[in-house]
Structures are given as structure tokens and as C-alpha cells.
Amino acid sequence: MFESALIENLKLRAELLASTRSFFMQRSVLEVETPVLGATAVTDPNIQSFAVTDKNNLTRYLQSSPEFFMKRLLVAGAPDIYQITKAFRESEAGQRHNPEFTLIEWYRGQFNLSQISQESAELVQQLLRLREINLPIQRISYRCACQQTLGCDLIEQSLSALVEIATEHGLVAAEKLPRAALYDFIFDQAVLARLAKDVIHIVEYYPAEQASLAQISATDSQLAERFEVFAGGFELANGFLELRDAVEQRQRFQQDLKTRAEQGSPAVAIDEAFLSALEQGLPACAGVALGLDRVQLLAAGLDSLDQLLPFPWSAL
Amino acid sequence: MAGYNTNEFRSGLKIMLDGDPYTIVENILVKPGKGQAFSRVKIRNLKTGRVVDKTFKSGDSVDAADVMEVDMQYLYADGEDWHFMDQTTFEQHAANKTAVGDAALWLKEQDICVVTLYNGAPLSIQPPNFVELKIVETDPGLKGDTATGGIKPAYLETGAMVRVPLFVDQGECIRVDTRSGEYVSRAKES
């Protein structure tokens with residue numbers, strides 16, 4: 001990296017952080033901090049956490065997201081909150097992945113899916129303007145995005161039809177994958193690749209199989225109250241109308257553990273402190289996590305985190 | 001047969017897919033934040049040279065292809081096969097017409113080529129990037145014409161046709177870039 005590029009990246013980062021803080025200050029959202037080392041790791045079958053063990057054999061986990069701690073703050077009565085924090089995900093290293101990365105995560109009481117997704121896209125818009133990049137915001141449902149690019153509604157396809165579409169797009173051994181993984185592949189390869197790059201896209205109402213921590217839509221049980229934000233051809237943010245039902249949350253965790261066992265991922269313990277908080281009652285809220293490093297890639301016009309981060313994973 | 005996990009993927013790795021040997025040209029991690037991780041690769045079919053895009057689920061394994069690239073000296077052609085010798089083991093290998101392909105146009109005895117062996121047999125031949133070959137037939141040279149930039153066809157000892165400047169004569173040796181098939185310069189008699 002040329003020295004001037006390094007300094008340029010550092011300055012842009014500082015401006016992005018300052019602009020983010022002013023964005024939330026104007027909206028009276030409170031900045032908080034939560035532990036980076038937690039007692040449990042997420043059950044999500046697609047996320048592996050780093051474990052840290054001290055000399056007394058006590059194991060803690062580097063948090064893959066501040067979500068559970070922040071929801072516990074909401075249960076404890078915190079108002080609207082945001083956090084800018086490091087998050088950690090094992091084995092995720094590549095052009096636009098660094099195992100240690102920075103998330104902007106926030107929760108808004110009483111917001112619905114279109115309000116939280118609009119606010120996410122507006123923050124991205126504000127941050128990109130720091131480098132005179134003005135992108136319009138467009139909203140589309142997951143269903144319509146697939147219809148427009150693939151000519152079919154993915155959610156209505158049979159498993160064998162999904163396997164066929166995935167195979168046509170170059171996926172090897174597609175028949176071994178479940179619906180959710182086939183959706184991931186087809187969306188990335190065939191849908192996202194064809195969405196305009198110079199637009200901030202809000203894609204909303206994901207298939208119910210991909211609900212993660214989102215509520216299932218009250219009007220259509222095939223859909224989850226989940227959205228993502230894309231620009232420049234890649235994912236920037238992921239958000240939910242948050243699931244508040246402790247019983248359903250426990251069932252989803254248990255399903256995750258089953259999937260982890262089937263795929264040979266390390267076993268993890270369910271975060272009981274989080275579930276008890278849900279039992280006490282999480283206020284109605286919507287939340288979102290935005291990848292700051294990815295936004296900076298766009299603002300700086302760079303292709304790879306290796307060009308952006310002063311100390312990328314591949315060269316520590 | 002040995003296998004590779006997708007987390008070992010890197011460019012140059014030789015893998016088997018649908019019964020054909022491939023080399024990995026490029027490997028990219030694709031992973032939605034909450035979703036399944038994949039390895040998206042560009043791979044070149046070592047038999048046909050075709051490059052295709054494929055995606056593997058992260059953690060999947062593929063068979064390794066028994067493929068090696070070895071420097072070998074080209075010895076001679078017997079009308080059916082082209083014969084090469086491994087420079088370290090002195091073992092000789094016969095490559096057929098399919099394996100040699102267009103490389104035949106640039107093979108000069110004693111030149112060092114890269115021979116790709118698949119299951120121990122030559123699969124493809126890569127000639128040196130530059131070869132020096134004698135012109136066996138071309139129109140007479142124009143005396144003194146070194147500046148006009150005109151070109152004419154010249155036929156080389158290997159049967160290749162190369163476009164050369166007008167001042168180059170029959171019987172002369174020229175240097176050719178085998179990747180483009182273009183004339184580079186005159187060469188000294190070898």
C-alpha cells in the first residue's frame with residue numbers, strides 16, 4: 001500500500017465514524033457498548049465463533065455480532081440504541097470478508113420493516129456522500145427481485161427445481177443442499193449479479209427458511225420480516241423485525257444445533273441469559289447490522305479489503 | 001485417490017470434475033452474512049483448455065487430479081508421436097497428436113517444453129515462449145527495404161506460417177513468440 005493510500009483510508013474511516021455518530025445523534029439513538037467476549041457463541045449453523053480459553057480453562061467466545069447483548073439492554077429498558085463494534089467470524093477471509101470486522105448495529109422501538117430498512121439505506125447514502133457518491137435508494141421484494149432477474153418466483157419452486165436452477169448456474173453437487181443454501185447460492189449468483197450496481201437496493205421479505213432472528217410475516221407464512229441492503233454488487237446490511245417469542249426462539253436455536261451436528265460444526269451452548277430476557281419481554285423493535293468496512297470499500301472505490309484495511313488478515 | 005477440501009483451494013491446484021482434470025485459475029469466497037459459504041472458482045479444463053465458472057459448497061471435498069507439469073526436452077517426431085525426455089529422470093514420454101495439438105508448429109529438437117502429465121501420460125505440451133526457427137520458403141527479400149513496414153508470409157521448418165517483414169530472406173532464422181505466433185526479430189544462425 002502506498003503511504004498516501006494508507007493515510008487516505010485512515011482519514012475516510014475517521015470521517016465515516018464521525019458521520020455515523022452524528023446520524024444517530026440527530027435521531028436521538030443512544031450509543032452503547034457491550035462485551036466482545038461472551039459466555040456463549042451463536043448457534044447459527046453458518047457462523048463459527050473464535051473460542052478464547054484462559055489459563056484456568058475458562059472459555060469465552062469472540063462475539064460474531066452484538067445482537068443478544070443489545071437485545072438484553074432493550075429488555076432492561078434501554079431506549080433506541082446503536083453500537084459500532086468489532087465482530088469476529090472464523091474462516092471468513094476473502095476479497096470482501098475479514099474474520100475481524102466492524103459492524104454498526106442498531107435497534108429501533110416500534111419501527112416496522114420498511115422504516116428500519118429505509119433508515120439503513122439512508123445511513124449508507126449519507127456515508128457515501130462523504131466522497132461525493134450519490135446513489136438512489138430502490139426498494140424491491142425478494143420475490144420481485146427473483147422474478148425480474150430469473151423470470152420465476154424462487155419461493156414457489158420445488159426443491160428439485162431449485163437444484164436444477166442452481167446446477168444451471170454452476171453449483172456442484174447442488175442436490176445435497178437444503179432450500180436455504182440453494183436460495184443463498186441462486187440469489188448471489190443469479191439475482192444479485194444482475195441488480196444495478198449504482199443503486200442502494202433494499203431487498204425485503206426473505207423466504208421463511210431464511211428468517212434467522214426475524215418474525216415470520218403475519219400475512220404470508222412463506223415470508224420472513226427480514227431485509228438486506230445491497231450496493232456495488234454486494235451485501236451491506238441485514239435486518240429484521242425482531243422475533244420476540246421466547247418459545248419460538250428456543251425452537252429455532254434447537255433446530256440450529258441439530259443442523260450444526262449434521263454438518264459436523266462444533267457444538268455450542270444456547271444463550272440462556274438471552275432466552276430469559278426474551279421471556280421477560282422484548283419490546284417491539286426492529287434491528288439491523290451494517291458492515292462498515294464494506295461501506296468504506298464503496299466510498300473509497302476499492303475492490304478488496306486488502307487494499308483498505310491497514311492490517312488485513314492475510315498480512316497480519 | 002487423494003482429495004482437497006475447498007479451504008485448500010488456490011490457483012494452480014489440479015482437481016477432477018465430471019471425469020476431467022482441471023486447474024484452478026481463481027478462487028473467491030462467497031458468503032452472505034447469515035448464509036451458506038461457497039467457493040466460487042474459475043477452472044480450466046486441462047484437456048480442452050476451456051475455462052468455466054463453478055461453485056462448491058465450502059467444506060466439500062473434490063478428488064485431486066494426478067497432473068504434473070514437467071520440463072522436458074523435445075527429442076524427435078516419428079510421424080505418429082512426438083517424443084520428449086524428462087530432464088531429471090531421463091525417462092522418455094511419447095505424446096500423441098491430441099496432446100501436442102498446435103504446439104507441433106513450434107517444436108524444435110532439443111528445445112525445453114513444459115509437458116503436462118495426466119496419470120503419467122502427456123496431456124498437453126507447452127512450447128517455450130520464444131523459439132528460433134529457419135525460414136524454408138518465402139518470397140525473395142527486397143534489398144534495402146527495412147523501413148516500409150510491409151509484411152509477407154514465411155513458412156518455417158516446422159510447417160508454421162509466420163508473417164515477417166519484407167527484408168527477411170529464405171534460409172534465415174527468426175525468433176517467434178509462440179503465444180501469439182508473431183515474428184519478433186531475426187535470429188543468429190544456430
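Counting starts from 1 at the beginning of each chain's written sequence and moves along it residue by residue. Chains and ligands are labelled sequentially in the order written, the chains with letters from A and the ligands with numbers from 1. In view of the model being predicted, local features appear only for residues whose pLDDT reaches at least 70, and side-chain atom pairs are presented and counted only at 80 or more, with totals across whole chains, interfaces and linings using the full set of residues.

### A closer look at the packing of helix H5 (residues 159-168) of chain A against helix H6 (residues 179-191) of chain A
All names here are of chain A. This is how it is decided: What counts as an axis is a line fitted to C-alpha atoms, over the stretch in contact for a helix, and the angles between N-to-C directions run from 0 to 180 degrees. Each helix corresponds to a stretch of at least 4 residues labelled H or I by DSSP, and each strand to a stretch of at least 2 residues labelled E; elements are numbered beginning at the N terminus. Throughout, a crossing is termed right-handed when the near helix is turned clockwise from the far one, and left-handed when it is turned anticlockwise from it by less than a right angle. Two residues form a contact once the distance between their C-beta atoms, set from the backbone, is within 7 Å. Ten residue types, Ala, Val, Leu, Ile, Met, Phe, Trp, Tyr, Cys and Pro, are classed as nonpolar, four, Asp, Glu, Lys and Arg, as charged, and the remainder, Gly among them, as polar.
Where H5 contacts H6, the axes come no closer than 10 Å and their chain directions differ by 35 degrees. Relative to H6, the crossing made by H5 is left-handed. On the side of H5, the interface is formed by Leu159, Leu162, Val163, Ile165 and Ala166, while H6 contributes Arg179, Leu182, Phe185 and Ile186. Residues belonging to the contact of H5 with H6 are distributed by class as follows: eight nonpolar, no polar and one charged.

### Re the pairing of strand S9 (residues 92-95) of chain B
Heads up, the condition is: A pair of strands is considered paired only if DSSP assigns at least 2 bridges between the two.
Inspection of the sheet shows strand S8 (residues 82-86) of chain B paired to S9(B) by four bridges, in the antiparallel sense. Paired with Phe84(B) across the strands is His93(B), a residue of S9(B).

### Description of unusual backbone geometry
Residue and element names in this part refer to chain B. The following threshold applies: Any residue surrounded by 20 or more other C-beta atoms within 10 Å of its C-beta is treated as buried, while 12 or fewer makes it exposed and the intermediate range makes it partly exposed; C-beta atoms here are placed from the backbone.
The backbone of Asp18 shows a phi angle near 50 degrees, a positive value even though the residue is not glycine. Positionally, Asp18 belongs in the loop between strand S2 (14-17) and strand S3 (20-30). Under the C-beta neighbour-count criterion, Asp18 is labelled exposed, with 8 such atoms within 10 Å. Of note in this structure, Phe90 is not a glycine but carries a positive phi near 65 degrees. Mapped onto the fold, Phe90 is located in the loop between S8 and S9.

### So, the domain arrangement of chain B
We apply this condition: For each domain, the first and last residues come from an automatic or database assignment.
What the domain assignment lists for chain B is domain 1 (3-63), domain 2 (67-126) and domain 3 (130-187). Put simply, the middle of domain 1 of chain B and the middle of domain 3 of chain B, counted by C-alpha atoms, are 42 Å apart.

### Digging into the sheet that holds strand S4 (residues 59-62) of chain A
Hydrogen bonds between backbone atoms are what pair the strands of a sheet, whose relative direction is either parallel or antiparallel. Residues and elements named next belong to chain A. As summarised here, the arrangement of the three strands in space is S2-S4-S3, forming an open sheet in which the pairing is antiparallel. Both edges of this open sheet fall to strand S2 (37-38) and strand S3 (51-53), since each of them pairs with a single strand only. Summarising the sheet, S3 and S4 pair through three bridges and their orientation is antiparallel. Within the sheet, the bridge partner assigned to Thr53 lies in S4 and is Thr59.

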